[in-house]
Amino acid sequence: MEQQITCINCPVGCRLQVVVEDGEVKSVTGNSCNRGLTYAKQECTAPMRMVTASVPVMDRQTPVSAKTRTPIPKKDIFHCMAELGKVQLHAPVEAGQVICANVCGTGVDVIATKSVQ
Amino acid sequence: MEKRIIVIGGGVIGCAMARLLSRYEAKVTVLEGGEDVAHGASKANSGIVHAGFDAKPGSLKAKLNVEGARMYPELCKEVDAPYGQPGAMVLAFSQEERATVQELYKQGEQNGVAGQRIIEKDEILKLEPNVNPNVVCALLEPMSGLTSPYELTCALADHAAVNGATFVMNAKVQTIEKNGDGFALHTTKGEYTADLIVNCAGVFSAELHNQLSEKKLHIIPRKGEYYLLDHQKDLLFTMTMFQTPTKMGKGILVSPTVHGNTLLGPSADDIEDGTDVSTTAAALKIVNEKARLTWPGLSLRTVVTTFAGVRAHEENGDFIIGATEGVQGSYETIGIESPGLSAAPAIAKLLTEQIISENGLAEKKEWKPAPKREKPFYAMTLEERVDVVKRNPEYGALVCRCEQVTEAEIRAAIRRPVGATTIDGVKRRTRAGMGRCQGGFCSPRVLEILSEELGVAPTEVTKCGGESRILTGTIAQSMHKGDA
Amino acid sequence: MLSQELRGQVQYVDVLIVGAGPAGMAAAIAAKEAGVENLLVLEREQNMGGILRQCIHNGFGLHRFKEELTGPEYAQRDIDRVRDLGIEVRCGTTVLSIDENRFVTAISKEKGVQLFEAGALILAMGCRERPRGALATPGARCSGIYSAGTAQKFVNLEGYMPGKRVVILGSGDIGLIMARRMTLQGAKVLACVELMPYSSGLNRNIVQCLHDYDIPLLLSHTVIDIEGKERLSGVTVAQVDERRNPIPGTEQHFDCDTLLLSVGLIPENELTLQANVEMSPLTQGAVVDDSLQTDKEGIFACGNVLHVHDLVDFVSAESFKAGKAAAAYVQGKSRKGAYVRLKDGEGVRGVVPQRLLVPEGEAESVQVMFRPAGVYENATVSILDGDKEILRQKKRILTPGEMAELMLKPEQIKALSGGDVTVQIVR
């Protein structure tokens, strides 16, 4: 089966043609770099996404921005957000600080991307 | 005992009435249906102080327009509202229209308008190079002026308030009963009683009149839609450009505003619902097309906003001002459409004089002057800015970058006697959010200042009262809900 | 004329930079690194970082840092560098006026009115969003209508939600990013409506912000009516024909309390105009040469105030160049040579720079940037010197949503004939 996907690795957004058989990627065309190849293989078997979020800090008006340190399975995005909704953060928060370890059991930490004093 | 006077409606007429009545021994209360004064037609009209050539000679409109226009310079100085007198032209594009212009000239003479004359093409194009070169002649009206109708209304309200008038917002009068010597008013904010009432309810004035009087009146709400263009380095038109009038009104004008923007409009469409201020593609298209006759080089590239206002057109065509026939203690101003803004000072004077003489109201020992405000920051010279920020550092924080409005002015607007309580209220009093970004940058900060000054949560701050909240909750609430 | 007293308060600064967003910071870093000591950056917000502060999503820095950062992380790298270099930045300071002699007035709470005379002035004020008014979309004037960036500020910097059920008009990147953000933070995004037959946002954003969340992208559609007395209660969307007029019978109604607008960005050039700088009607920014200098000597412009970029990496690169050039200017290293004009040819809108110096001495490569006027597949981009083609490149895909670029090599510049140079796209 041939799938059409758009590579999201970089702003070029190459359109990739991916042939998948029995859950395995047989061929990828349309990519202009190797990262596209990796992306296509991943996307057509187990898609992953970075998740970024605005997370409330209990004693501050300003929320802290956060991200998963690495991509997590796409299917876990909303679970990840739900967990972040339950986190009880107190200031100060430092950029890089883990604000939710091993989110949804993905093995990936969610870290602050800025500091809130 | 002090008479209790209720003024119904906090538009320019209601506020002008409250201001003059506050000079006398009486307890004056203004009941306004909206969240703020200038909530109806007074916030959305052309802002032109007409010279008075347009109204039918002998009509109240003609008399009060000319009188009112003469009162404007002094009044605006007294209450600290913007006023300018750039003049106006009525453009004729055919020999047929030349005849109309000549007719208007004669009418102006009859109405007592000073300084008007008919000018020919060359002079027109010299004065206003952007005018369509197909112009034939024009009636030049040097006495035609400009004001900011909502700023004037706010200033009149402030002056009334410092002299003891009470303003109750969100109190829309639903029914009025004559109750012995007085009146009982049922409003959306409870009941009020009064000895005297003054109906200044704009598009709703006939409805209230009809509850008391056997002689029925009928207001046809007439919607006018406008384009507002950004101010440029130089004015596109220095004067107000009218086209020859039609039976629906003065036609589409192209005019500078008192703040240097360019205004195009209004359309004129009779509607059912007097509160309907939505804009429509059809009316805006007409405004755009007709304005091109005056200004062929029209470009909508610098449009900052479109808006609509509803005029209270009474079917008999003239203002109705005075005591309600057969109803002791009730006074009214009905059918105050154009030139209502121009006539407002004269309308208020006329009716106030009638009220005080008929009810024997005595003048107060002291009538406080209108509260003084700082000159707007955008209008200050460099020296004045150096000085003002030394006195009040909050002038150093620019909140609205498009119109150069500072934190100090926003706080001051909220603290005024009849202060702003909403984003739109701040906008009308300070111009914050009135510019080319339409509040994109400054509204979060204005919201924050309103929340601080009013002592309410940011989520409670509204655009214009009622359910018009800006925010629907915190992200904490939203994420929690998302989880459920 | 300044009074005697005010005259005495004028501070001379070698390089004055307006704005401490990514453009201003990069320009400042470059100027300092090029040896300018007397350097000052004025920033109207309370913090450095500009719009990156609220762009908490990832995707920044791939070109410049070879890694994917979020907006705040990208900004922090420059903020750290600005601090390490000891560059003075005055936050909470708004520039009120500039003129062509580089006299600048500014104001802040702490220091009141400040007057400067700048050896070189770098304009890095960024851009703003087109508001609803500019579209003249008819309908009610209720609350619940925000530009996407305003909503982004509420959510990411202030911790508030501006709505629960959202329709997005315009498919610019901020609109796409906000579709995802609102969804993730608990709102429901019903649709993204785009007037044009193509999106003006990046493809990757359509995938990861709309497709990932099953948010429909309605191309060739627009909002034709807005309803709501106080708060927005719904919008009517219709399909449009080739002339962008709504097609009767295609109306669909959405019950929503929020309409976010992502309908274009406009360089914020009010100050630039005060200095009578020549402007380009296409980019809505200044006309500049390859050193980012405007037609007014010593006044430079870079970043989104010059032309709206898609990628902050390119903003930084352009601004480094501007900072370096401003430094050279105040250090008296003036460039000698003859200027040629760069013009938009077929299919090209808003080429930058618009003027190119053919230097007497050695030339450097010049990056030529522009926006395609439409969608082109497998087209050829070329640069003509008069009628002569001097550069030609195949591009697989060109869309107005993505800035295109070409590099002119030193030898190509040296060989220019002196007439107009045209950039064009051929199908």
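Attention in this report is confined to the structure presented alongside it. (Residues numbered from 1 in each chain as written. Chains lettered and ligands numbered in written order. Predicted model: local features only at pLDDT ≥ 70, side-chain atom pairs only at ≥ 80, totals over all residues. Heavy atoms only, no water.)

A word on the overall build of chain B. Along its length, chain B carries 13 helices and 24 strands. Expected size for 484 residues packed as a compact globule is a radius of gyration near 23 Å; at 23 Å, chain B falls within 12% of this value. Dimensions of chain B, computed from the C-alpha atoms along their principal axes, are close to 65 × 60 × 50 Å. When each of the 484 residues of chain B is scored for burial, the buried share is 59%. Restricting the contact set of chain B to residue pairs at least 6 apart, pairs at least 24 apart contribute 70%. Accessible surface, chain B: about 18600 Å² in total, of which carbon and sulfur atoms supply 51%. (Helix = DSSP H or I, 4+ residues; strand = E, 2+ residues; numbered from the N terminus. Rg over C-alpha atoms; globule rule 2.2 N^0.38 Å. Buried < 20%, exposed > 50% of the residue type's maximum accessible area, 1.4 Å probe, protein only. Contact = heavy atoms within 4.5 Å. Areas by Shrake-Rupley, 256 points an atom, 1.4 Å probe, with all protein chains shown as cover.)

Grouped together as the largest cluster of nonpolar side chains are 67 residues, with contacts concentrated most on Val64(A), Leu84(A), Ile99(A), Ile410(B), Val446(B) and Met182(C). Sorting elements by how many residues they give to this core places helix H6 (residues 173–184) of chain C first, with six residues. In terms of nonpolar packing, the next biggest core, distinct from the first, is built from 59 residues, Val18(C), Ala28(C), Leu52(C) and Leu271(C) among them. (Core = buried A, V, L, I, M, F, W, Y, C linked by side-chain atoms within 4.5 Å.)

As a further point, take helix H5 (residues 149–162) of chain B. All names here are of chain B. Given a rise of 1.5 Å per residue, 14 residues ought to cover 20 Å, and the 20 Å separating the end C-alpha atoms of H5 matches this to within 8%. Within H5, the full set of buried residues consists of Pro-149, Tyr-150, Glu-151, Leu-152, Thr-153, Cys-154, Ala-155, Leu-156, Ala-157, Asp-158, His-159 and Ala-160. The inward-facing, buried residues of H5 contact helix H1 (12–21), helix H2 (60–79), strand S8 (145–147), strand S9 (166–168), helix H8 (340–359) and helix H11 (423–430). Directly beyond the C-terminal end of H5, a positive phi value near 95 degrees is found at Gly-164. (Expected span 1.5 Å × (residues − 1).)

Because an α-helix packs 3.6 residues into every turn, residues spaced three or four apart end up facing the same way. All names here are of chain B. Compared with an ideal rise of 1.5 Å per residue, which puts 14 residues at 20 Å, helix H7 (residues 281–294) spans 21 Å between its outermost C-alpha atoms and is within 8% of the ideal. Taken as a whole, H7 has its buried residues at Ala-283, Leu-284, Val-287, Asn-288, Ala-291 and Thr-294. The arc that holds the buried residues of H7, viewed along the axis, is 140 degrees, so those residues lie on one side. Within H7, the exposed residues directed more than 90 degrees away from the buried face are Ala-282 and Lys-285. (Arc of directions from axis to C-beta.)

The next point concerns the packing of aromatic side chains. Under the definition given, this model contains nine aromatic pairs over all chains. On the basis of an interplanar angle of 70 degrees and a centroid distance of 5.3 Å, the ring pair of Phe65(C) and Tyr74(C) is categorised as edge-to-face. A residue is classified by how much of its surface remains accessible, and Phe65(C), at 22% relative accessible area, is partly exposed. For Tyr74(C), a relative accessible area of 0% gives the class buried. In this structure, Lys172(B) packs its charged tip against the face of Phe204(B), placed 3.5 Å from the ring centre. When the ring centre of Tyr339(C) is taken as origin, the NZ or CZ atom of Arg355(C), which lies over that ring, is 4.3 Å away. (Phe/Tyr/Trp six-rings, centres within 6.5 Å; stacked < 30°, edge-to-face > 60°. Lys NZ or Arg CZ within 6 Å of the ring centre and 35° of its normal.)

What follows concerns the interface of chain A and chain C. Counting from both sides, the interface comprises 29 residues of chain A and, opposite them, 30 residues of chain C. The junction of chain A with chain C conceals about 2500 Å² of combined surface from both sides, 52% of it contributed by carbon and sulfur atoms. One can count three salt bridges joining chain A with chain C. For Arg49(A), the salt bridge identified is with Asp212(C), shortest N-O distance 2.4 Å. Seen at the junction of chain A and chain C, the total is ten residue pairs in polar contact (both at pLDDT 80 or more). Of all the elements in the fold, those that place two or more residues in the side of chain A that touches chain C are helix H1 (34–45), strand S5 (52–55), strand S6 (64–68) and helix H2 (77–86) of chain A. (Buried area = accessible area lost by both parts, 1.4 Å probe. Salt bridge = Lys/Arg side-chain N within 4 Å of Asp/Glu carboxyl O. Polar contact = N/O pair within 3.5 Å; in protein donor to acceptor, adjacent residues only side chain to side chain.)

To continue, consider the interface of chain C and chain B. Taken together, the contacts link 56 residues of chain C with 57 residues of chain B. Together chain C and chain B conceal approximately 4400 Å² of surface at their shared face, both sides included; 57% is due to carbon and sulfur atoms. When the buried area of chain C at its contact with chain B is split by residue, Lys109(C), Arg141(C) and Tyr160(C) rank highest and sum to 15% of it. On the surface where chain C and chain B come into contact, there are five salt bridges. Here Glu45(C) ties to Arg401(B) by a salt bridge, and the two come within 3.7 Å at their closest N and O atoms. For the pair chain C and chain B, the number of links is 23 residue pairs in polar contact (both at pLDDT 80 or more). Tallying contributions element by element places helix H5 (residues 148–158) of chain C first for the side of chain C that touches chain B, with five residues. Of the residues contributing to the side of chain C that touches chain B, the split by class is 23 nonpolar, 18 polar and 15 charged. With two bridges joining them, strand S24 (residues 473–474) of chain B and strand S11 (residues 160–161) of chain C adopt antiparallel strand pairing. Bridged to Thr474(B) within S11(C) is Tyr160(C). (Nonpolar A, V, L, I, M, F, W, Y, C, P; charged D, E, K, R; others polar. Pairing = 2+ DSSP bridges.)

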